[in-house]
Amino acid sequence: MLRTHTCGEVRVEHLDQEVILCGWVDSTRDHGGAVFIDLRDRYGKTQIVYGPESGPELVEEAGKLRSEDVVKVTGQVTHRPEGTLNDKLATGAIEIRGTQLEVLNKSQTPPFTPSQQELPGEDLRLKYRYLDLRREKMQQQLLLRSQIIKVMRDYFEEHDFVDVETPILGRSTPEGARDYLVPSRIHHGQFYALPQSPQLYKQILMVAGYDRYIQVARCFRDEDLRADRQPEFTQLDLEMSFVDAEDVMSMIDGLVVRVAKEVLGKEIPLPLPRMTYAEAMERFGHDAPDLRFGMELIDCSDLAATTEFRVFRGAVEAGGKVRGINVKGVAEQFSRKRIDELTEYVKQDFSAKGLAWFRMESDGKLWSPISKNLTDELLEQFAERMEAEPGDLMLFIADSWEVSCKALGGLRKRLGSELQLYDPDDLNCSWVIEFPMFDFDEENNHWVAMHHPFTAPLAEDQALLGSDPRACRAQAYDLVINGSEAGGGTIRIHDSTLQQEVFDLLGLDATMARERFGFLLDALQFGAPPHGGIALGIDRWVMLLSGLDNIRDCIAFPKTQRATDLMTEAPSLVDTNQLEELNIRIVPLRDK
Ligand code: ASP
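Definitions and limits used
- Residues numbered from 1 in each chain as written.
- Predicted model: local features only at pLDDT ≥ 70, side-chain atom pairs only at ≥ 80, totals over all residues.
- Heavy atoms only, no water.
- Helix = DSSP H or I, 4+ residues; strand = E, 2+ residues; numbered from the N terminus.
- Buried < 20%, exposed > 50% of the residue type's maximum accessible area, 1.4 Å probe, protein only.
- Contact = heavy atoms within 4.5 Å.
- Near = heavy atom within 4 Å.
- Polar contact = N/O pair within 3.5 Å; in protein donor to acceptor, adjacent residues only side chain to side chain.
- Areas by Shrake-Rupley, 256 points an atom, 1.4 Å probe, with all protein chains shown as cover.
- 1 Å grid on protein atoms, 1.4 Å probe; cavity = no way out; pocket = protein on both sides within 12 Å on 5 of 7 lines; lining within 4 Å.
- Points joined across faces, edges and corners; volume = space filled by probe spheres on them.
- Nonpolar A, V, L, I, M, F, W, Y, C, P; charged D, E, K, R; others polar.
- Pairing = 2+ DSSP bridges.
- Axes fitted to C-alpha atoms, helices over the stretch in contact; angles between N-to-C directions.
- Left-handed = near helix turned anticlockwise from the far one by under 90°.
- Patch = residues over 30% accessible without salt bridge, like charges linked within 9 Å, V, L, I, M, F, W, Y side chains within 5 Å.
- Salt bridge = Lys/Arg side-chain N within 4 Å of Asp/Glu carboxyl O.
- Lys, Arg positive; Asp, Glu negative; His and termini not counted.
- Charge placed at Lys NZ, Arg CZ, Asp CG, Glu CD.
- Phe/Tyr/Trp six-rings, centres within 6.5 Å; stacked < 30°, edge-to-face > 60°.
- Lys NZ or Arg CZ within 6 Å of the ring centre and 35° of its normal.

**Some details on the overall build of the protein**
Turning to step 1, where the next piece is worked out: Summing up its helical and strand segments, the protein has 17 helices and 22 strands in all.
Turning to step 2, where the next piece is worked out: Considering only C-alpha atoms, the protein reaches an extent of 90 × 75 × 55 Å along its principal axes.
Turning to step 3, where the next piece is worked out: Across the 592 residues that make up the protein, the buried fraction comes to 49%.
Turning to step 4, where the next piece is worked out: Considering only contacts within the protein whose residues lie at least 6 apart along the sequence, 67% involve residues at least 24 apart.

Have a look at this one:
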């Protein structure tokens, strides 16, 4: 090594020793005759001084150093003079009196420095990612990520899991997103698809007898990006044989406890709570409810049905719901303007028809712009149902069940965060189970799998496949951390007849199913054990465990919202001869 110590290592116990440090110039201060340098690497910072005893040449040379130059410093460890100790820095009791200086590499003036107070714009950070990754915060993120993955690997190794890599160039896998395609040079006109997940390979591994599989797997989905999505992302992918849903969940319970303890020093009581999908939607309007706070949805449809007020009664008569949330104690602080904003929000984001609101006055009476439409008796019943107290504000959505879930779930989430109804340091983990097998796609008039088409129905619901698919529940489970889906999995179908029955429902007849998943259907006929698994979103875990809300800060080289890499400028045009080899010519079909 060119160095004897890192920049975070030297302490008073090294006093008088000669040390050699290498690193980046974080800052320099010229005090006339003495130059002070903060030298930085990923372990920390150390103060270096080139003063009179270093000789004028070295002082002059040190004075020329600029931010981000890479240098090798030799010097003597000394106490910092009285009154100049820096207890914010691990090395703050010492400084190095420089005796030699070698510039290993000069840096141009950087567009931003890693320790500047103000964070530069994200585009600039992504373009100069190597400078951004020098920032302490980013280093902490990447270290946290590395630590989480290590704890996961250790845990699964202790539980006899085998780490198997599955192909990146493969056939389209049906997670329901758009595929990234790779043209074949050898088979003109044919394409590989990048894996949306290793789903089918891991099922095949179960048939092959590797009864406990894990992989830190890269997955690719060409979707429109949101704040917490990336076109390529990493999953801790897992599959187990001879298990039921409870077995998979308790294996992950153990993992959650272990990661929370080893990475965050937090104790999580077990088992993690399990709640059915139906209950989650009913109480929280969301399939990944944030359980750090209450403010649950309260159903007032029966009361609403008895009013003359058309908006309320009409919603119930049309088969919908009138439900509300009680935002405790905020009636005074919520102006009309703020309520109007919330109304706009539910209309815009969730296509709700509107937002009705009541507040409880100090005399215990409910008041609302619509209260004239309601009898005193009914107002009292609403107040009682909503457990209202003076100062409470109640928000109601009168709409279809779906819209009322989305809108109230959205309001709950937004207000929970705006009103800081929870401690952001809390780590709340739980399971949502028994998801519906299918969703009906109204636009295209067909059933789609809610998870993926290999998911097994609950044994007691299997008969509903033929009679009432909407009511058929799946052996599915999602792990929820602080109101975000942090993982999801299912018990799979291991019987080819049942698998075909589900394909049929999804509109994949035997010929189409054979064409796309023939290998799986075959495998299911050669001794497939009962099996199931889960995938945990690692980028998301890092984000949730560090309390960040930007997934790009959890990934070393992420893509922008427009799916570009600003540093390498991918995607990019390619040479015509590369295209020729692939037998491809670009002919624009339409302008973007
Ligand atoms: N393959 C699924 C996914 O990526 C996870 C699973 O079912 O194990 O969401």
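**Let's talk about the site of the ligand**
Turning to step 1, where the next piece is worked out: Taken together, 14 residues lie around the ligand, and Glu175, Gln199, Lys202, His451 and Arg492 are the ones closest in.
Turning to step 2, where the next piece is worked out: Residue Arg221 places a side-chain N or O atom 3.0 Å away from an oxygen atom belonging to the ligand.
Turning to step 3, where the next piece is worked out: Contacts to the ligand include Arg492, whose side-chain N or O atom sits 2.7 Å from an oxygen atom.
Turning to step 4, where the next piece is worked out: Contact with the protein chains covers 93% of the free accessible surface of the ligand, which is 270 Å².
Turning to step 5, where the next piece is worked out: Of all the elements in the fold, those that place two or more residues in the shell around the ligand are α5 (199–207), β21 (484–491) and β22 (531–537).
Turning to step 6, where the next piece is worked out: Considering every element that reaches the shell around the ligand, the biggest residue donor is β22, with three residues.

**Things to note about empty space enclosed by the protein**
Turning to step 1, where the next piece is worked out: Applying the stated criterion across every chain, the model contains three cavities of 30 Å³ or more.
Turning to step 2, where the next piece is worked out: Reported here for the largest cavity is a volume of approximately 70 Å³.
Turning to step 3, where the next piece is worked out: Residue lining of the largest cavity: Phe284, His286, Ala288, Pro289, Asp290, Phe293, Gly409, Arg412, Lys413 and Gly483, and that is the complete set.
Turning to step 4, where the next piece is worked out: The element contributing the most residues to the lining of the largest cavity is helix α12 (residues 401–418), with three residues.
Turning to step 5, where the next piece is worked out: Looking at the lining of the largest cavity residue by residue, the class counts come to four nonpolar, three polar and three charged.
Turning to step 6, where the next piece is worked out: Taken as a whole, the second largest cavity spans an internal volume of roughly 40 Å³.
Turning to step 7, where the next piece is worked out: Considering the residues around the second largest cavity, the lining is formed by Leu126, Arg129, Phe557, Pro558, Asp565, Leu566 and Met567.
Turning to step 8, where the next piece is worked out: Residues that form the lining of the second largest cavity fall into these classes: five nonpolar, no polar and two charged.

**So, the sheet that holds β21**
Turning to step 1, where the next piece is worked out: Taken in spatial order, the eight strands of this open sheet run β6-β9-β10-β22-β21-β20-β17-β11, and their pairing is mixed. Pairing within the sheet leaves two strands with one partner each, and these edge strands are β6 (162–163) and β11 (274–276).
Turning to step 2, where the next piece is worked out: Of the strand pairs in this sheet, β11 and strand β17 (residues 429–433) are connected by three bridges, and their pairing is parallel. Within β17, the position partnered with Met275 by the bridge is Val432.
Turning to step 3, where the next piece is worked out: Most of the contacts of α5 go to strand β10 (residues 232–241), to which it runs at about 20°, and overall it touches β9 (212–220), β10 and β22.
Turning to step 4, where the next piece is worked out: Set on the sheet, helix α16 (residues 538–546) makes contact with β9, β10, β20 (476–481), β21 and β22; between it and β22 the angle comes to about 50°.

**Focus on the packing of helix α4 (residues 136–158) against α16**
For any two helices packed against each other, one specifies the crossing angle of their axes together with the interaxial distance.
Turning to step 1, where the next piece is worked out: Interhelical geometry of α4 versus α16 gives an angle of 115° and a closest axis separation of 10 Å. As for the relative orientation of α4 and α16, their crossing is right-handed in sense. Residue-level contacts link Gln141, Leu144, Arg145, Ile148, Ile149 and Met152 of α4 to Ile538, Asp539, Trp541, Val542, Leu545 and Ser546 of α16.

**Re a negative patch on the surface**
Turning to step 1, where the next piece is worked out: Taken together, the side chains of Asp376, Glu377, Glu380 and Glu384 make up a negatively charged region of the molecular surface.
Turning to step 2, where the next piece is worked out: Looking at the secondary structure, you find Glu377 in helix α11 (residues 376–385).
Turning to step 3, where the next piece is worked out: Accessibility expressed as a relative area gives 57% for Glu377, which makes it exposed.

**Regarding the packing of aromatic side chains**
Turning to step 1, where the next piece is worked out: The full count for this structure, using the stated rule, is 19 aromatic pairs.
Turning to step 2, where the next piece is worked out: Taking 5.5 Å as the distance between ring centres and 25° as the angle between the ring planes, the aromatic pair formed by Phe293 and Tyr422 counts as stacked. Pair noted here: Phe293 is in the loop between α7 (277–284) and β12 (298–299) and Tyr422 is in the loop between α12 and β17, with a separation of 129 residues, a long-range link. Here Phe293 and Tyr422 have matching classes, each one buried.
Turning to step 3, where the next piece is worked out: With a centroid separation of 5.6 Å and an interplanar angle of 70°, the aromatic rings of Phe358 and Phe382 are classed as edge-to-face. Of this pair, Phe358 sits in strand β14 (residues 356–360) while Phe382 sits in helix α11; the two residues are 24 residues apart in sequence, bridging distant segments of the chain.
Turning to step 4, where the next piece is worked out: Each residue in the set Phe309, Phe312, Phe358, Phe382 and Phe396 is aromatic and connected to the rest through ring pairs, giving one cluster.
Turning to step 5, where the next piece is worked out: The cationic tip of Arg292 hangs over the ring face of Tyr422; the distance from NZ or CZ to the ring centre is 3.7 Å.
Turning to step 6, where the next piece is worked out: Over the ring of Phe293 we find Arg412; its NZ or CZ atom is 4.1 Å from the centre of that ring.

**Overview of the sheet that holds strand β15 (residues 366–367)**
Turning to step 1, where the next piece is worked out: Overall, antiparallel pairing links the five strands, which are arranged β12-β13-β16-β14-β15 in an open sheet. Each edge of the sheet is formed by a strand with only one pairing partner; in this case those strands are β12 and β15.
Turning to step 2, where the next piece is worked out: Pairing of strand β13 (residues 321–327) with strand β16 (residues 393–399), which is carried by seven bridges, proceeds in the antiparallel orientation. When the bridges of β16 are listed, Arg323 appears paired with Ile397.
Turning to step 3, where the next piece is worked out: Most of the contacts of helix α9 (residues 310–317) go to β16, to which it runs at about 50°, and overall it touches β13, β14 and β16.
Turning to step 4, where the next piece is worked out: The strands that helix α10 (residues 336–350) touches are β14, β15 and β16; relative to β16, the one it contacts most, it runs at about 30°.

**Details of the pattern of salt bridges**
Turning to step 1, where the next piece is worked out: As enumerated under the stated definition, the model contains 48 salt bridges in all.
Turning to step 2, where the next piece is worked out: With a closest N to O distance of 3.9 Å, Glu223 and Arg229 form a salt bridge.
Turning to step 3, where the next piece is worked out: Given a relative accessible area of 27%, Arg229 falls into the partly exposed group.
Turning to step 4, where the next piece is worked out: Close ionic contact of Asp290 with Arg292 constitutes a salt bridge, the shortest N to O distance being 2.7 Å. When sorted by exposure, Asp290 lands in the same class as Arg292, which is buried.
Turning to step 5, where the next piece is worked out: Several salt bridges share partner residues, and in doing so they unite Asp26, Arg40, Lys45, Glu68 and Arg134 into one network.

Remember, this is a structural readout, not a statement about activity or role.
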